[in-house]
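# Remarks on the overall topology
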Amino acid sequence: MDDKRRGFTLYGKPSYGNARGIWQTIYLEARGQDYLDQIHFTSDIDSSTVKIKVYLPGYAEKDLSFNITITTENEPILKDTIISKDQANFEWVAPIPNPKL
């Protein structure tokens, strides 16, 4: 394959002409010193629950407070817990009464 320029070939983003490099606005977002790397929800329809797995970017250097609120039509489902020092993730199974499928 060659890299020869051809007048009939689009370069850059399609329909933006000969655009190259960063083509959208970039920005930085601040985050706290302690933050979540990922959070994953796995629903279990048969048992009306959802498994919530929280991943930290590494092992916690200290005990961390973790709070989650799941809004429902009735009462919110709340979980307040501590992710212990030296843990890298936390898992919790939350009951979801009367889920709407």
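Our structure is the block above this text.
As a starting point, this report considers the structure included with it. Keep in mind that what you see is a predicted model, and the values were worked out from it rather than measured. In this numbering scheme, every chain counts its residues from 1 along its sequence in written order. In keeping with the model being predicted, local features are shown solely for residues with a pLDDT of at least 70 and side-chain atom pairs are shown and tallied solely at 80 or more, while totals for entire chains, interfaces and linings include all residues. Side-chain metrics in this entry use all non-hydrogen atoms of the structure; hydrogen atoms and water are not considered.

Another aspect to go through is the sheet that holds strand β2 (residues 49-55). Across the sheet, which stays open at both edges, the three strands sit in the order β1-β2-β5 with antiparallel pairing between neighbours. In this open sheet, the two edge strands, each paired with only one partner strand, are β1 (38-44) and β5 (89-95). Put simply, the sheet's adjacent strands are angled 15° from each other on average, direction ignored. The pairing of β1 with β2 spans seven bridges and is antiparallel. The residue of β2 that forms the bridge with Ser-43 is Val-50. At least two DSSP bridges between two strands are required for those strands to pair. Here a helix means four or more residues in a row that DSSP labels H or I, a strand means two or more in a row labelled E, and each is numbered from the N terminus. Angular values range over 0 to 180 degrees, each being the angle between N-to-C directions of two axes fitted as lines to C-alpha atoms, with helices fitted over their stretch in contact.

What follows deals with the environment of Asn-98. On the secondary structure map, Asn-98 appears in the segment after β5. Spatially, the C-alpha atoms of Asn-98 and Ser-48 are 7.3 Å apart, while their sequence positions differ by 50 residues.

The working definition used for a salt bridge is a side-chain nitrogen of Lys or Arg within 4 Å of a carboxyl oxygen of Asp or Glu. Counted by the stated rule, this structure contains three salt bridges. With a shortest N-O distance of 3.4 Å, Lys-62 and Asp-34 are connected by a salt bridge. Remark: Asp-34 occurs in the segment before β1 and Lys-62 occurs in the loop between β2 and β3 (64-70); sequence separation between them is 28 residues. For Lys-62, a relative accessible area of 45% gives the class partly exposed. Among the salt bridges present, the one from Glu-73 reaches Lys-100, with a minimum N-O distance of 2.5 Å. Only protein chains enter the accessibility calculation, which uses a 1.4 Å probe. A residue is then buried if its area is under 20% of the maximum for its type, exposed if over 50%, and partly exposed in between.

The next subject is a nonpolar patch on the surface. A cluster of nonpolar side chains, Leu-36, Ile-39 and Phe-41, forms an exposed patch at the surface whose accessible area comes to about 260 Å². Positionally, Ile-39 belongs in strand β1. The partly exposed category is assigned to Ile-39, whose relative accessible area is 38%. The patches reported here contain residues having more than 30% relative accessible area and no salt bridge. Joining distances are 9 Å for like charges and 5 Å for nonpolar side chains (Val, Leu, Ile, Met, Phe, Trp, Tyr). Computed by Shrake-Rupley with a 1.4 Å probe, the accessible areas treat only the displayed protein chains as cover when residues are assessed.

The subject of this paragraph is the packing of aromatic side chains. We call Phe, Tyr and Trp rings a pair once their centres come within 6.5 Å, taking the six-membered ring for Trp, and we label the pair stacked below 30 degrees between planes, edge-to-face above 60, and tilted otherwise. Going through the model one piece at a time under the given rule, you end up with one aromatic pair. Seen in terms of ring centroids, Phe-66 and Phe-90 are 5.8 Å apart; in terms of plane orientation they differ by 55°. Their pairing is tilted. Placement of Phe-66 in strand β3 and of Phe-90 in strand β5 is noted, with a sequence separation of 24 residues between them. Judged by its relative accessible area of 7%, Phe-66 falls in the buried class. The class for Phe-90 is buried, based on a relative accessible area of 13%. Remark: a charge is flagged as sitting over a ring if the NZ atom of Lys or the CZ atom of Arg is within 6 Å of the ring centre and within 35 degrees of the ring normal. Here Arg-31 stacks its cationic end above the ring of Tyr-35, 3.8 Å away from the centre of that ring.

In summary, soluble globular proteins display a tendency toward joint burial of nonpolar side chains. Nine residue types can take part in a nonpolar core, namely buried Ala, Val, Leu, Ile, Met, Phe, Trp, Tyr and Cys, and a core is a set of them joined through side-chain atoms within 4.5 Å. Among the nonpolar cores identified, the biggest contains 15 residues, and Ile-52, Ile-70, Trp-92 and Ala-94 are the most heavily contacted of them. Of all the secondary-structure elements, those providing two or more residues to this core are β2, β3, β4 (77-83) and β5. If one sorts the elements of this core by residue count, β3 sits on top with four residues. Two residues qualify as a contact provided that any one of their heavy atoms is within 4.5 Å of a heavy atom in the partner residue. Filtering out sequence-adjacent residues up to four positions away, Ile-52 remains in contact with Ile-39, His-40, Phe-41, Ile-68, Ile-70, Phe-90, Glu-91, Trp-92 and Ala-94.

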